[in-house]
There are 2 protein chains.
Amino acid sequence: MALPSEQLQLNPRFNQLKELLRSANYSKKIKKGSFLFQEGMPANELYLICSGKLQMIKTCPDGKEMCFRICSVGEIVGELTLFTNDPKYLLTAKVIEDGEVAVIEKDYLEEQLLLNPSLTFEYMQWLSNHTRRTQTKFRDLILHGKKGALYSTLIRMSNSYGIPLKDGSILIDLPLKNQDLANFCGTTRESVNRMLNALKNKGILSIKRGKITIHDLDYLKSEIQCENCPVEICRIE
Amino acid sequence: MALPSEQLQLNPRFNQLKELLRSANYSKKIKKGSFLFQEGMPANELYLICSGKLQMIKTCPDGKEMCFRICSVGEIVGELTLFTNDPKYLLTAKVIEDGEVAVIEKDYLEEQLLLNPSLTFEYMQWLSNHTRRTQTKFRDLILHGKKGALYSTLIRMSNSYGIPLKDGSILIDLPLKNQDLANFCGTTRESVNRMLNALKNKGILSIKRGKITIHDLDYLKSEIQCENCPVEICRIE
DNA sequence: TTATCGGTGTGACGAATATCACACTTTTAT
DNA sequence: ATAAAAGTGTGATATTCGTCACACCGATAA
């Protein structure tokens, strides 16, 4: 059997796993504003996004929402239901852009994962990274107030969706409303608005047609005592 | 090396995994105040706690600490380094009670996990639950202010370390300083102190010799709009 | 015993953040 | 094109929370 280190070279981007998911026997159209699944629902399926965009959110009875990830083409959702005793979705998948997802049966995937060690390896690697990302987010979101939460979110957005521009700035290629950012940070849209405008005035970032461009990422990093953890980890998604 | 097996049976889940860890070829004494490992250190080993207690913390350059778990006998630490490209510990393991840990080589465990599907299954199950716990903590810690963070922490402590008493109360069998709780919640010891005293005055809880007894768990739950997620998930550790 | 130490309890105050209200701007739908 | 809807910007005010200061409490070691 191949050693982990060799496999690591072979599959840096989880190709086997996605290949398997792509072979799904059917797909499903998703419509903006609808939900692919909602928290609490029994979970029998996972999805690979073929097109469109999803927000993975946790809702509160009082109407508040907390956003964990924004997922688009090539990403896997519903993953945390695998190998659980009582499979229910923990999060809600809200469609924010029309598209299509490949559907795969949870049971089938579990079976395949246990049969195919190199697939297992990919999945574990993916899940480990996922967990590491979630855990590092904690420090930033909780330990440096709401400003820290926003700055951290912007940095992670840069790493996840950023396009480097000629002048060294980074365009976050995702239309984000103030409220969206607030949902990532656990704050209010008004607070986000004020903080963003303060950053604009300092020349740290600018906003055009709903998309943010970061001009001075280092400023944001220094404000939250960023330790430059690997980009693999310091991401939204 | 012989480990007292009855200790490992405290938690009936994940027996295969623990059995494997138990076969570790050596163990290490841990001394209160020292660190089993520190974040950033290259990670080549995992540990199974035989005795003693550890705090898994994330530190900040400015001296703040965030506590994720308190681990004792039968628990596995250092797990998130498995299957990562650049294996470094993300958290620091601070010893808060003398003891001993079984040491297992990361490479060896990775190999075993890929060779043995039923071991794989246990590990994935464990990691999934771990991730689900971390994720659900987010909502509580971020969405309901510091009071929500404390209440959530107390509820999770009850599920993790609670001993039901005859009168229906729950004793959290773990000596906790105000500062410890503050580190779990991302707040200050003064704030924790005020909130705890407010809860004492309302008869929600009482404290004797450093240990908290919850008299009215439902009050705490209702305050943070708890959805009674499975106890498997709603835990500190 | 007393001195020391780590922890608790609490007031005063200021900073950070939420809330409310409303005007203004941009986007979307008809 | 125009109206309606959605999103942004901002002041005023309330609330939450952190910070500082210091008294107190209880264990323990000299």
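Being a predicted model, the structure only gives us computed values, none of them experimental.

K.L.:
I would appreciate a short explanation of the sheet that holds strand S9 (residues 205-208) of chain B in the present structure.
P.N.:
Neighbouring strands of a sheet are bound in pairs by backbone hydrogen bonds; such pairs are parallel or else antiparallel. Residues and elements named next belong to chain B. Spatially, the four strands line up as an open sheet ordered S7-S8-S10-S9, and their pairing is antiparallel. The open sheet has two free edges, formed respectively by strand S7 (162-164) and S9, since each of these has just one partner strand. Sheet twist, expressed as the mean angle between neighbouring strand axes with direction ignored, is 25 degrees. In this sheet, strand S10 (residues 211-214) lies alongside S9 in antiparallel orientation, the contact comprising four bridges. By the bridge assignment, Leu-205 is partnered in S10 with Ile-214. Of the strands in this sheet, S7, strand S8 (170-172), S9 and S10 touch helix H5 (residues 145-161), which is tilted by about 90 degrees from S8.

K.L.:
In this structure, what is going on with the UniProt feature "domain: HTH crp-type" (unreviewed entry) in chain A? I would like to understand it.
P.N.:
Taking the numbering used here, the UniProt-annotated feature "domain: HTH crp-type" (unreviewed entry) corresponds to residues 144-218 of chain A. Helix makes up 53% of residues 144-218 of chain A and strand 19%, with an end-to-end C-alpha separation of 16 Å.

K.L.:
Where do I start with the sheet that holds strand S10 (residues 211-214) of chain A in this structure?
P.N.:
Residues and elements named next belong to chain A. Pairing within the open sheet is antiparallel, and its four strands lie in the order S7-S8-S10-S9. In this open sheet, the two edge strands, each paired with only one partner strand, are strand S7 (162-164) and strand S9 (205-208). In this sheet, adjacent strand axes meet at a mean angle of 25 degrees when their direction is disregarded. Across the face of the sheet, helix H5 (residues 145-161) comes into contact with S7, strand S8 (170-172), S9 and S10 while running at roughly 90 degrees to S8. Against the sheet, helix H7 (residues 189-201) touches S9 and S10, its axis set at about 115 degrees to S9.

K.L.:
So what exactly am I meant to see when it comes to the domain arrangement of chain A here?
P.N.:
Bring the parts together and some accessible area is lost; that lost area is often taken as the interface size. All names here are of chain A. When cut into domains, chain A gives domain 1 (15-115) and domain 2 (144-233). Put simply, the middle of domain 1 and the middle of domain 2, counted by C-alpha atoms, are 26 Å apart. Around 650 Å² of area is buried between domain 1 and domain 2 when both sides are counted, 56% of it from carbon and sulfur atoms. Joining domain 1 to domain 2, the criterion identifies zero salt bridges. Here domain 1 and domain 2 share two residue pairs in polar contact (both at pLDDT 80 or more) between them. Sorting the residues of the side of domain 1 that touches domain 2 by element identifies strand S3 (45-59) and strand S4 (65-71) as the ones contributing at least two each. Element by element, the count of residues in the side of domain 1 that touches domain 2 is highest for S4, at six residues.

K.L.:
Hey, could you run me through the protein's contact with DNA strand C in this one?
P.N.:
Around DNA strand C sit 19 residues in total, of which Lys146(A), Thr187(A), Ser191(A), Arg189(B) and Asn193(B) are the nearest. By atom count, sugar and phosphate contribute 63% of the portion of DNA strand C lying within 4 Å of the protein. Here a phosphate oxygen of DNA strand C and a backbone polar atom of Lys146(A) are 2.6 Å apart. A distance of 3.1 Å separates a base nitrogen of DNA strand C from a polar side-chain atom of Arg194(B). At six residues, helix H7 (residues 189-201) of chain B tops the list of elements feeding residues into the surface near DNA strand C. Taken together, the residues that form the surface near DNA strand C break down as no nonpolar, eight polar and eleven charged.

K.L.:
It is not clear to me how the packing of aromatic side chains should be interpreted in this structure. Could you clarify?
P.N.:
In this description, a pair of aromatic rings is defined by centroid distance and the angle of the planes. Inspection of the entire model under this criterion finds 13 aromatic pairs over all chains. One aromatic cluster is present, formed by Phe68(A), Phe138(A), Phe68(B) and Phe138(B) through successive ring pairs. Lys137(A) extends its terminal NZ or CZ atom over the ring of Phe138(B), reaching a point 5.6 Å from the ring centre.

K.L.:
Sorry if this is basic, but what is going on with the pattern of salt bridges here?
P.N.:
Close approach of charged atoms allows side chains of opposite charge to pair. Counting across every chain of the model gives 32 salt bridges over all chains. For Lys29(B), the salt bridge identified is with Glu100(B), shortest N-O distance 3.7 Å. One end of the pair, Lys29(B), is in strand S1 (residues 26-30); the other, Glu100(B), is in strand S6 (residues 92-105), and 71 residues separate them in sequence. Among the charged side chains, a salt-bridge network with shared partners connects Glu39(A), Lys58(A), Arg139(B), Asp140(B), Arg156(B) and Glu227(B).

K.L.:
For this particular structure, what's the right way to read the interface of chain A and chain B?
P.N.:
The partner chain B presents 51 residues to the 54 residues of chain A that form the contact. Contact between chain A and chain B buries roughly 5,200 Å² in total, counting both sides, with carbon and sulfur atoms accounting for 70%. The partner of Glu227(A) in a salt bridge is Lys58(B), with the nearest N and O atoms 3.9 Å apart. Listed by contribution, the elements that provide at least two residues to the side of chain A that touches chain B are helix H1 (4-10), S3, S4 and helix H4 (117-143) of chain A. Of the residues forming the side of chain A that touches chain B, the biggest block, 21 residues, is contributed by H4(A).

K.L.:
Please clarify how the protein's contact with DNA strand D should be interpreted in this entry.
P.N.:
Close to DNA strand D lie 16 residues, the nearest being Arg189(A), Asn193(A), Lys146(B), Thr187(B) and Ser191(B). Sugar and phosphate atoms constitute 64% of the interface atoms of DNA strand D, taking the interface as everything within 4 Å of the protein. In this structure, Lys200(A) approaches DNA strand D through a side-chain N or O atom, which is 3.2 Å from a phosphate oxygen. Arg194(B) has a polar side-chain atom sitting 2.8 Å from a base oxygen of DNA strand D. For the surface near DNA strand D, the secondary-structure elements that each account for two or more residues are H7 of chain A together with H5 and H7 of chain B. Of the residues forming the surface near DNA strand D, the biggest block, six residues, is contributed by H7(A). Residues that form the surface near DNA strand D fall into these classes: no nonpolar, eight polar and eight charged.

Here is what the cut-offs are and how they apply
- Residues numbered from 1 in each chain as written.
- Chains lettered and ligands numbered in written order.
- Predicted model: local features only at pLDDT ≥ 70, side-chain atom pairs only at ≥ 80, totals over all residues.
- Heavy atoms only, no water.
- Pairing = 2+ DSSP bridges.
- Helix = DSSP H or I, 4+ residues; strand = E, 2+ residues; numbered from the N terminus.
- Axes fitted to C-alpha atoms, helices over the stretch in contact; angles between N-to-C directions.
- Contact = heavy atoms within 4.5 Å.
- UniProt positions renumbered as here; feature names shortened; annotations may be inferred.
- Domains from an automatic or database assignment.
- Buried area = accessible area lost by both parts, 1.4 Å probe.
- Salt bridge = Lys/Arg side-chain N within 4 Å of Asp/Glu carboxyl O.
- Polar contact = N/O pair within 3.5 Å; in protein donor to acceptor, adjacent residues only side chain to side chain.
- Near = heavy atom within 4 Å.
- Nonpolar A, V, L, I, M, F, W, Y, C, P; charged D, E, K, R; others polar.
- Phe/Tyr/Trp six-rings, centres within 6.5 Å; stacked < 30°, edge-to-face > 60°.
- Lys NZ or Arg CZ within 6 Å of the ring centre and 35° of its normal.

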